[in-house]
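# Descriptive structure summary
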Amino acid sequence: MAAYKFHTKPFKHQRDCFLVSRELPAFAYLMEQGTGKTKVGIDTAAYLYLAGLIDALLIAAPNEGDVPDNWIDQVYLHLPTGVGRTAVRAAAASKMRAEAKRDLKLILDKRADDLGLRIISTNIESIRSGSPLFNQLLKFCREFRVLFIIDESTRIKSHTAAQTKASLKLGRNAVYRRIATGTFTPNGPLDAYSQMLFLDPAILGFDSFTAFKAHFCQLLPPQNGLVRWTANKMAGKISDPAKRAAFADQMTSVIQIPARGPDGVILYRNTDELNKKIAPYSFRALKKDCLDLPPKLYVTHYVDMTPRQQLIYDQVKREVIAEFVDKGLLRTVTASLAIVRLLRLQQIACNHFSPDPDPDVDSGRVIERIEPWKYNKKTKEVVTSNPRMQCLLQVIEEAGPVRGIIWCRHHPEIREIVEVLSAQFGQERVVQLHGKIKGEERVAARKAFQDLKSKIQWLVGQERSGIGIDLYEASWEFFYSNDYSWENRIQAEDRGHRQGLRHALTIHDVLTRGTNDHRVIASLRNKKDVSEAILGDDLSNWV
């Protein structure tokens, strides 16, 4: 085959990755956010198509941030002009327009000629075994020679998840497979299992996750108290005492609970062996090594709660302590349950209070805004006693006429910020990006923020929506509240820290004194999920 001609000039690291991986059946683009792994995947598809090795491309990516749509945009940007293409953004039938349905039907029709490279880009959350969309994608993989790329492949890190099982089945029918992620193992080496299983089971060489976990993770011995407690709980419904005890004894040799060090971090072993297994099938790229990007500058702001906030906070804090500490349940409380309680405290510090025990559940019950705001028509200014809002407005004033991103954990925060900024500066100056903003509205919001001719100055978004999109026109980011996932945090940070950035990116954190904010920020900056940090600490330190 003649030398491949790039349509857009690659960086050296992109060219290197392309050259070492282009003909391999399975490969991992372990490239940090902003290093251009999408271009490498598109150039690989074009190369394989021109070589007569594939005739179709399937992309599965997270729905947040319109990543599947972004892939379609990038295809038209990077695919060589000599490569014909027919592309469609696929989803569940109820969410597809008539034109997209016709395009998908055409791409799936093997009798259709002159389509060039057939391309389907879809959101990985829609891939479920047995669904109409899954059956269409399975037909696609079986009837055509497909390169299947999973972008942000940590979405299949859970080997029991439905989308993981469906993706593995599709992958077995694809002739070429790629994964792409900058955070390959956000929770530790065990995250590698199903991602590498998708590429090729022979890479790791384990028949099951149980065997893989036992080899690379230090496990508690059968006689450990927590193992015995778990076994007894599993056997609890057996009425006969002798059978119950026998079943519990049997379970102690089966239960796999990772051992943890004094800091609560899971203890692993044989990690050098794991790295050696993965190395021949992966390429690692870090922004600091391959891009001349301006630095990230971190600024921390400290605020105090208002008396009313403090009163509500102390009340809920006492309830949490009564629930766990006073009852002596700290040893058995799960991280997920602890986080549910901590989120209520975080919500109060962010000026909202819900009577629901789980603030992440939208039950329709009234969420109280603790400190209301108002607009003073005489001074033409917003008046608020909410400390975080005051801090944000101060940052905006000091930043001047440059663009900024405001990340939030909860929807009530987004609503309040949008209301305040719209009242103070005009609604044409702010856009939103989160799960309740759908389809074309999301795409329009992202493009308006990047368009320097638009009036948009601020984007207010939910941290978990900050995946796979470019927002490099931002000069600063403000984390009004934090998601408790390190992966979501770094993804959000890097939306503005990407190719095209021409200035330092200032990242603001606001911490409320007397809360667990400092522990949350410390955990995230140490690349650790809050759930993992809690398990290694006394819960009373977090409330």
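Residues numbered from 1 in each chain as written. Predicted model: local features only at pLDDT ≥ 70, side-chain atom pairs only at ≥ 80, totals over all residues. Heavy atoms only, no water.

It is worth spelling out the nonpolar core at this point. Counting residues in hydrophobic clusters, the biggest one holds 50 residues, and the most contacted among them are I120, F140, V146, F148 and F212. Counting residues per element, this core draws most heavily on helix α5 (residues 132-143), which supplies six residues. Contacts of V146, omitting those with residues within four sequence positions, involve A56, L58, F140, C141, A174, V175 and Y176. Among the nonpolar cores identified, the runner-up in size contains 32 residues, and Y4, A46, L79 and I149 belong to it. (Core = buried A, V, L, I, M, F, W, Y, C linked by side-chain atoms within 4.5 Å. Buried < 20%, exposed > 50% of the residue type's maximum accessible area, 1.4 Å probe, protein only. Helix = DSSP H or I, 4+ residues; strand = E, 2+ residues; numbered from the N terminus. Contact = heavy atoms within 4.5 Å.)

Let's shift gears to the sheet that holds strand β5 (residues 146-151). Sheet architecture is open: seven strands sit in the order β3-β4-β2-β5-β6-β1-β7, paired in parallel fashion. The open sheet is flanked by β3 (85-90) and β7 (282-285), the only strands paired with a single partner. Going across the sheet, the axis of each strand differs from the next one's by a mean of 15°, ignoring polarity. Pairing of strand β2 (residues 56-61) with strand β4 (residues 117-123) involves six bridges; the strand directions are parallel. Its bridge partner lying in β4, I59 is registered against S121. Helix α3 (residues 67-78) rests against β2, β3, β4 and β5 of the sheet, and its axis sits at about 170° to β3. (Pairing = 2+ DSSP bridges. Axes fitted to C-alpha atoms, helices over the stretch in contact; angles between N-to-C directions.)

Of all residues in the protein, 85% have pLDDT values of 70 or greater, and the mean over the chain is 84. Within the model, pLDDT remains below 50 along residues 358-365, and this stretch shows 14 contacts once partners closer than five positions in the same chain are excluded. Confidence over residues 529-543 falls short of pLDDT 50; this stretch has 49 contacts with residues more than four positions distant or in other chains. (pLDDT = per-residue confidence, 0-100.)

Strands sit in the order β8-β17-β16-β13-β15-β14 across an open sheet of six strands; the sheet is parallel. Single-partner strands in this sheet number two, and they are β8 (296-303) and β14 (430-433). Strand-to-strand twist across the sheet, computed as the mean angle between neighbouring axes with direction ignored, equals 20°. Where β14 meets strand β15 (residues 458-462), four bridges bridge the pair, whose relative direction is parallel. Looking across to β15, one finds that Q432 is bridged to V460.

Time to look at helix α7 (residues 192-199). In terms of residue burial, α7 counts as a mostly covered element, since seven of its eight residues are buried. Buried residues of α7: A192, Y193, S194, Q195, M196, F198 and L199, and no others.

A word on the pairing of strand β17 (residues 505-512). Burial analysis of β17 places eight of its eight residues in the buried class, which makes it a mostly covered element. Strand direction decides the pairing type here: β8 and β17, joined by eight bridges, are parallel. Across the sheet, T300 pairs through a bridge with D509, a residue of β17.

This paragraph deals with the environment of F11. Positionally, F11 belongs in the segment before α1 (12-21). Considered as a pair, F11 and C290 are 279 residues apart in the sequence and their alpha carbons are 8.1 Å apart.

Further remarks concern the packing of aromatic side chains. Summed over the entire model, instances satisfying the criterion amount to 16 aromatic pairs. A ring pair is formed by Y4 and Y47, whose centres lie 6.4 Å apart and whose planes are at 75°; its orientation type is edge-to-face. Of this pair, Y4 sits in the segment before α1 while Y47 sits in helix α2 (residues 37-50), and the two are 43 residues apart along the sequence. On the basis of relative accessibility, which here comes to 11%, the residue Y4 falls in the buried class. Stacked on the ring of F449, the Lys or Arg R403 has its end atom at 6.0 Å from the ring centre. Over the ring of F479 we find R489, and its NZ or CZ is 3.8 Å from the ring centre. (Phe/Tyr/Trp six-rings, centres within 6.5 Å; stacked < 30°, edge-to-face > 60°. Lys NZ or Arg CZ within 6 Å of the ring centre and 35° of its normal.)

A separate point is α2. Residue pairs spaced three or four apart in an α-helix point in one direction, given the helix's 3.6 residues per turn. For α2, which comprises 14 residues, the first-to-last C-alpha distance of 20 Å matches the rise-based estimate of 20 Å (1.5 Å per residue) to within 8%. Most of α2 sits inside the fold, with twelve of its 14 residues counted as buried. Those residues of α2 that sit buried are K37, T38, K39, V40, G41, I42, D43, T44, A45, A46, Y47 and L48. Following α2 by one or two positions, G52 has its phi on the positive side, about 75°. (Expected span 1.5 Å × (residues − 1).)

Turning our attention to the environment of L471. Among the secondary structure elements, L471 is positioned in the loop between β15 and β16 (474-479). Taking the C-alpha atoms as reference points, L471 and R446, 25 residues apart in sequence, are found 7.5 Å from one another.

Turning to the pairing of β16, a few remarks are in order. Summarising burial for β16: six of the six residues are buried, a large majority. Sheet analysis places strand β13 (residues 403-408) next to β16, joined by five bridges and oriented parallel. Residue pairing across strands places G404 opposite W476, the latter belonging to β16. The pairing of β16 with β17 spans four bridges and is parallel. Paired with E477 across the two strands is I507, which belongs to β17.

Before going further, it helps to examine the pattern of salt bridges. Inspection of the entire model under this criterion finds 13 salt bridges. Among the ionic pairs, E125 bridges to R155, the shortest N-O distance being 3.2 Å. Of this pair, E125 sits in the loop between β4 and α5 while R155 sits in the loop between β5 and α6 (162-172), placing them 30 residues apart in sequence. Of the charged contacts in the structure, one is a salt bridge between E368 and R308, with a shortest N-O distance of 2.2 Å. Of the two residues, E368 is situated in strand β10 (residues 368-369) and R308 in helix α14 (residues 307-325); the sequence distance between them amounts to 60 residues. Linked through salt bridges whose partners overlap, the residues forming this network are R489, E493 and D509. (Salt bridge = Lys/Arg side-chain N within 4 Å of Asp/Glu carboxyl O.)

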